[in-house]
Amino acid sequence: MADLSINFAGISSPNPFWVASGPPANSAYQAHRAFEAGWGGVVWKTIGEPIVNVASRYSALNVGQAQIVGFNNIELITDRSPETNFREIAEVKKRWPNHAVIASLMVDTREQWHEYVKRSADSGADGIELNYGCPHGMCERGMGSAVGQQPKVLEEITGWVMEVATIPVIVKLTPNITDVTAPARAARRAGADAISLINTINSITNVNLDTLVPEPYVAGQSTHGGYCGPAVKPIAMNMVQSCAADPDVGLPISGIGGIGTWRDAAEFIALGSTSLQVCTAIMHRGFRIVEDMIEGLNDYLDSKGFETIYDLSGKSVASVQNWNTLDLHYQRVARIDYEKCIGCNLCYIACEDGAHQCIDLISPDERHGIGPGRLPGKPVPQVREEDCVGCNLCSLVCPVEDCINMTPISNGKEPLTWKQYEERLAKGEMASIPPHP
Amino acid sequence: MAVGIKLNPAQAEENMTGYKPPFSKQEAIIEANRCLFCFDAPCIMACPTGIDIPSFIKKIASGSPVASARTILRANPLGASCAQVCPTNVLCEGACVVLTREGDPVKIGRLQRYATDHVYSNHIDVLEAPAEKSGKKVAIIGSGPAGLGCAAELAQLGHEAVIFEKEELPGGLNTYGIAYYKMTPAISLGEIEMIKGLGVEIRCGVQVGIDISTSQLKEDFDAVFLGIGLGKSHQLNVPGEDLPEVIDALDFIAQIHSDPLHEVPVGDNVAVIGCGNTAIDALTQSKRLGANITTIIYRRGETDMPAYDFEFDLAKTDGGEFLFHTLLKEVVANDEGRVSSLVLQKSQPGPNGRPEAIAGSEFSFPCDMVLKAVGSKKQVEMLSSLFPDMEMNANGTVKLDPATGQTSVEKVFCGGDCANGGREVVNAVAEGIKGARGIHSYLSGASAESPVQPSRLGVDGAPSGSGFINPIRVTEQ
């Protein structure tokens, strides 16, 4: 049994799975249910000065039969009073002393920040998360992503918080920015203990083609909402890795963005996270999804011989490098397993129309041992390996598991990066590689 | 024990529905999303009319059932009937790659029904005839699937088509001969209305050869298409065959389509002679109309029967019983001259494979109704009286150019069961369309190009036609 417990910037938690700040973390009732289900921590729905919400608030991107591939919301921070929230945090901490409860905060002035930071510590919260990321509603009032998008402002406000903070402080970053490491470095300079990312992305998920008003619909209008869910995971992982790889950031990372399974979690950990926050997947299926996340991550760590989260954390960070350090001479080609091929020929048309035209359709008579499901006279795809650029497209569109395998082939050439290539070219040590015909 | 009415109207109606229920919108979209959108989809190759199946399914998935129906009906104007009556297991669904991947094919037939139901129930016309007409007139003999397919295609090519039908209602076997629980006559008649909307004229109650001569037709029209199907069931040639309760299975099925369901009399103990798909239809429908015991009597074994496996399963599910390797020797009447029993005899395959009676194995079998389903006769006499010079194949079918449907007689084209010896509705439609293209070419000199799979247009490489050119068939899984 692997040890899933974490100590994240001084916040201890029985496992790395935290309920992210959002609708599922709105009340003590929900926090109790989350902990009963097995969650390690709850980042409370952002507390601040009272706001008023609208109806409706959420919308989703569905793809085929996959519902909520992406999700957006125009809900603001909590609409409950600070008194209620801090009282409930105290109640929850009393009942769950070994679980993590983090107060997410978003206020305006230095005085307000001081007040809310102190009230958080007084409530017994284990840490504070600064919401600098919310891309709707609050930013128009100079809060949320309006802070996160300006490293200087972020640094200044975080400085205010650190003046009075007695518990660990996590700065939550917005992805609505060109280079996420700039605000991350600012958080570090201001003395924050950790960062969490990503918050939601500016979005319009869909337009209702009858009313021609996008969703979520509010009395004939809509607004830019914050986008999250499985579809944002690649963006989030890109940003997590960027922060993890930056020595000027150097802070523990709580990964957020499209996590719904233990596999997502393991990937975020491998890219440098040590805590994980989940919201949309809970909104879709409830708190009990954590059971599979815990068991799956545990079994995975065991299978790899990792004893703790920290043995896995960051293992993939270094393998992501600048493009110009990649080996230009590395080659792999698509190979089709004809025993598995079902004859859809999607690989053929993907390569033909969408890539590099190196799959032929040949007569089945030219092949022995044609695959199952093959019909009389049905053309068979065959890769022209000498022309295959190894792009992966055919293997990505193939609907059968392990049917098209991208197989490394040796060409006898020494590795050569773009950087080396340019250098050797300049020195006249090698001829230029001929352009693709 | 007697032939009579067994069920009240509600029971009869309930028993005769629910074979392949329609999809709801959500069910259809879920199912449509299972389609992989193959490049050169084998389902198209397995469809004799070459419907671009992935394309129509994609349109269902994207919420465009009208566009979907347009794709279907342009390739096959009887797409609504075919959706319900095609043996999809051995056609499109049997070829579906998802069957190979998951053991369960995309439900192409039911998706096709969803799209075509949508346009018919909302009265949306998706086909149109060109405003500019060729001025050419074509007479079509028979309004079954072949004639209708031919007429719809001719109308869309700008020609005038007039169908001559001897029955009261058009549609042929599609209206009168499909198992009721698979498709009601209303579907067939609705489709015919759509085809009439293209400008096709149908003259019912007109028997060519009696009411109008073929020479008159050839004079009045620029071309003639012959789609007269098959004739009556073969004779049993046993004593007692002329008893009143010995009925041609197709007549029994036609009665189900003509009379109210609860007014179709059936026996308590029905014997069906033969084991093809019509025999199964006769068995299941008599059972559903209240027969107590229904038994198929077949002279060969289970592996020899011409019925599809899924039809066999259907009969067994309905409680049908089977006597294989059994010969009918005599139909026995009671004192009132009514069928009361059969004399049967066990058989075994002889040296040439033909079933031979086993001496001394006769036995009596209780029965009050006999349905004959031992195959339909070819229309040799009818054809030779209509067109004395027409060249025939040795098996009694019309000899024709398979690419155009042209016969040996000037101006005359042919397709459907009278040319192929008896196949599916979809084959007849395809042959009707081929005939129409042949006629178009004959009348205008323009070649009627056969479709290739739309996905393959402009692509080099091994050719892959649609099933319209050379349909493949898959063995049942």
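Note that the coordinates shown come from a computational prediction; the quantities given were computed from them, not determined experimentally. (Residues numbered from 1 in each chain as written. Chains lettered and ligands numbered in written order. Predicted model: local features only at pLDDT ≥ 70, side-chain atom pairs only at ≥ 80, totals over all residues. Heavy atoms only, no water.)

Structural notes on the sheet that holds strand 3 (residues 201-204) of chain B
Residue and element names in this part refer to chain B.
Argument step 1. With parallel pairing, the five strands of this open sheet are ordered in space as 3-2-1-4-13. The open sheet has two free edges, formed respectively by strand 3 and strand 13 (412-414), since each of these has just one partner strand. Strand-to-strand twist across the sheet, computed as the mean angle between neighbouring axes with direction ignored, equals 20°.
Argument step 2. Judged from the five bridges that link them, strand 1 (residues 137-141) and strand 2 (residues 160-165) form a sheet pairing that is parallel. (Pairing = 2+ DSSP bridges. Helix = DSSP H or I, 4+ residues; strand = E, 2+ residues; numbered from the N terminus. Axes fitted to C-alpha atoms, helices over the stretch in contact; angles between N-to-C directions.)

Points about the nonpolar core
Argument step 1. Among the nonpolar cores identified, the biggest contains 96 residues, and B:I53, B:F56, B:L111, B:I140 and B:I439 are the most heavily contacted of them.
Argument step 2. Looking at which element gives the most residues to this core, the answer is helix 19 (residues 425-444) of chain B, with nine residues.
Argument step 3. When residues no more than four places from it in sequence are discounted, the contact partners of B:L111 are B:F23, B:A28, B:E31, B:A32, B:F56, B:I57, B:I60 and B:V106.
Argument step 4. Counting residues in each nonpolar core, the second largest holds 88 residues, with A:F17, A:Y227, A:V232 and A:L301 among its members. (Core = buried A, V, L, I, M, F, W, Y, C linked by side-chain atoms within 4.5 Å. Buried < 20%, exposed > 50% of the residue type's maximum accessible area, 1.4 Å probe, protein only. Contact = heavy atoms within 4.5 Å.)

Details of the sheet that holds strand 11 (residues 355-366) of chain B
Strand pairing within a sheet occurs via backbone hydrogen bonds; the two strands may be parallel or antiparallel.
All names here are of chain B.
Argument step 1. Pairing within the open sheet is antiparallel, and its three strands lie in the order 9-10-11. In this open sheet, the two edge strands, each paired with only one partner strand, are strand 9 (326-333) and strand 11. Sheet twist, expressed as the mean angle between neighbouring strand axes with direction ignored, is 20°.
Argument step 2. Looking at chain direction, strand 10 (residues 339-349) and strand 11 are connected through eight bridges and run antiparallel. Opposite P349, over in strand 11, you have P355 as the bridge partner.

What to know about the packing of helix 5 (residues 151-164) of chain A against helix 6 (residues 181-189) of chain A
Residue and element names in this part refer to chain A.
Argument step 1. Relative to each other, helix 5 and helix 6 sit at 25°, their axes nearing to 8 Å. Comparing the axis directions of helix 5 and helix 6 gives the class roughly parallel. The element helix 5 and its partner helix 6 pack so that their crossing is right-handed. On helix 6, the residues touching P151, L154 and E155 of helix 5 are A182, P183, A186, A187 and R189.
Argument step 2. Of the residues assigned to the contact of helix 5 with helix 6, the class counts are six nonpolar, no polar and two charged. (Parallel < 35°, antiparallel > 145°, perpendicular 65-115°, else oblique. Left-handed = near helix turned anticlockwise from the far one by under 90°. Nonpolar A, V, L, I, M, F, W, Y, C, P; charged D, E, K, R; others polar.)

Concerning the domain arrangement of chain B
By convention, interface size is frequently given as the accessible area that disappears when the constituent parts associate.
All names here are of chain B.
Argument step 1. Parsing chain B into structural domains produces domain 1 (33-121), domain 2 (137-231 + 377-446) and domain 3 (246-372).
Argument step 2. Taken over C-alpha atoms, the centre of domain 1 sits 25 Å from the centre of domain 2.
Argument step 3. With both sides pooled, the region where domain 1 packs onto domain 2 buries about 1,500 Å², and carbon together with sulfur makes up 72% of that total.
Argument step 4. By the criterion of area lost to domain 2, the three top residues of domain 1 are P77, L78 and V85, representing 35% of everything that side buries.
Argument step 5. Along the contact surface separating domain 1 from domain 2 lie zero salt bridges.
Argument step 6. Broken down by element, the side of domain 1 that touches domain 2 gets its largest block of residues, six residues, from helix 6 (residues 79-85).
Argument step 7. Of the residues contributing to the side of domain 1 that touches domain 2, the split by class is twelve nonpolar, five polar and no charged. (Domains from an automatic or database assignment. Buried area = accessible area lost by both parts, 1.4 Å probe. Salt bridge = Lys/Arg side-chain N within 4 Å of Asp/Glu carboxyl O.)

Quick look at empty space enclosed by the protein
Residue and element names in this part refer to chain B.
Argument step 1. The final tally for this structure, using the stated rule, is four cavities of 30 Å³ or more.
Argument step 2. Of the pockets and cavities examined, the largest cavity occupies roughly 110 Å³.
Argument step 3. Around the largest cavity, the lining is made up of 17 residues, and of these C47, I51, C86, C92 and Q112 lie nearest the centre.
Argument step 4. Those elements that place two or more of their residues in the lining of the largest cavity are helix 6 and helix 9 (108-121).
Argument step 5. No other element matches the three residues that helix 9 contributes to the lining of the largest cavity.
Argument step 6. The residue makeup of the lining of the largest cavity, split by class, is twelve nonpolar, five polar and no charged. (1 Å grid on protein atoms, 1.4 Å probe; cavity = no way out; pocket = protein on both sides within 12 Å on 5 of 7 lines; lining within 4 Å. Points joined across faces, edges and corners; volume = space filled by probe spheres on them.)

Description of the layout of surface pockets
Residues and elements named next belong to chain A.
Argument step 1. The volume enclosed by the second largest pocket comes to roughly 910 Å³.
Argument step 2. Along its surface, the second largest pocket is lined by 22 residues, and L328, Y330, Q331, V389 and I433 are the ones closest to its centre.
Argument step 3. Tallied by class, the residues present in the lining of the second largest pocket amount to twelve nonpolar, five polar and five charged.

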